[in-house]
Amino acid sequence: MKNEQNLQMISKQISFLRLAANKIEADISTNHCQLKDALLSSSKVKLHLVERDEARNSFDISIFLSTLANTKKDIIQVFKKVSALKKLFEGEIV
């Protein structure tokens, strides 16, 4: 039962990662357009807003990378357990 819960948790983490990646991609694209606009208009206020949004994107990216690392660790733990079970059953069958 615990393995099933682990797999469900990993599935939820992967779903979060997909959504986060899409959001980050959209935010970066939006910031790119805002930066072009700010540079063309030479507006310091607009540049400040772009800087603020870039800082928020950096924070989102750090959360994404942290979650990705944790998900990778969880997947490796599940595979180790599956591998150990496989070896155990193969040993019993032989």
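As a reminder, the structure under discussion sits directly above these lines.
The structure contained in this document is the topic of the report that follows.

Here is what the cut-offs are and how they apply
By convention here, each chain's residues receive numbers from 1 onward along its written sequence. A pLDDT threshold of at least 70 governs which residues receive local features in this predicted model, and a stricter bar of 80 or more applies before side-chain atom pairs are shown or counted, although totals over entire chains, interfaces and linings include all residues. Calculated side-chain values reflect all of the structure's heavy atoms, with hydrogen atoms and water omitted. Under the scheme used here, helices are H or I runs from DSSP no shorter than 4 residues and strands are E runs no shorter than 2 residues, and both carry numbers assigned from the N terminus. Accessible area is worked out with a 1.4 Å probe on protein chains only. A residue is then buried under 20% of its type maximum, exposed over 50%, and partly exposed in between. By definition in these notes, contact holds between two residues if any of their heavy atoms fall within 4.5 Å. Computed with the Shrake-Rupley method and a 1.4 Å probe, the accessible areas treat only the protein chains shown as cover for residues. Neither His nor the chain ends contribute to the count of charged residues, in which Lys and Arg are positive and Asp and Glu negative. Charged groups are reduced to one reference atom each: NZ for lysine, CZ for arginine, CG for aspartic acid, CD for glutamic acid. Salt bridge, as used here: a side-chain nitrogen of Lys or Arg that lies within 4 Å of a carboxyl oxygen of Asp or Glu. Residues forming no salt bridge and having over 30% relative accessible area are the ones grouped into patches, like charges within 9 Å of each other and nonpolar side chains (Val, Leu, Ile, Met, Phe, Trp, Tyr) within 5 Å.

With respect to the overall build of the protein chain
Counting its secondary structure elements, the protein chain contains two helices and zero strands. Along the three orthogonal principal directions, the C-alpha set of the protein chain runs to about 75 × 20 × 15 Å. Residue burial in the protein chain is summarised as follows: out of 94 residues, 19% are buried. Pairs at least 24 apart in sequence give 74% of the contacts found in the protein chain among residues at least 6 apart. In the structure as shown, the protein chain presents an accessible area of about 7400 Å², 65% of it carried by carbon and sulfur atoms. Side chains of the protein chain give 15 positive and 11 negative charges; the mean places of these two sets differ by 3 Å.

A look at unusual backbone geometry
Its identity is not glycine, yet Ser-42 carries a phi of approximately 55°, on the positive side. Structurally, Ser-42 is set in the loop between α1 (2-41) and α2 (44-93).

Notes on the environment of Thr-67
The topology assignment puts Thr-67 in helix α2. For Thr-67, a relative accessible area of 17% gives the class buried. Placed 51 residues apart in sequence, Thr-67 and Phe-16 show a C-alpha to C-alpha distance of 8.7 Å. Filtering out sequence-adjacent residues up to four positions away, Thr-67 remains in contact with Phe-16 and Leu-17.

Brief notes about the pattern of salt bridges
Tallied over the full model, the rule gives five salt bridges. Lys-23 is the partner of Asp-27 in a salt bridge, and the nearest nitrogen-oxygen pair spans 2.6 Å. Separated by four residues within a single helix, Asp-27 and Lys-23 lie in helix α1, roughly one turn from each other. Taking relative accessible area as the criterion, Lys-23 reaches 43% and is therefore assigned partly exposed.

Describing a nonpolar patch on the surface
The grouping of Ile-28, Ile-61, Leu-65 and Leu-68 at the surface amounts to a nonpolar patch, some 320 Å² of accessible area in total. Broken down by element, the nonpolar patch gets its largest block of residues, three residues, from α2. Given the relative accessible area of 31%, Ile-61 is considered partly exposed.

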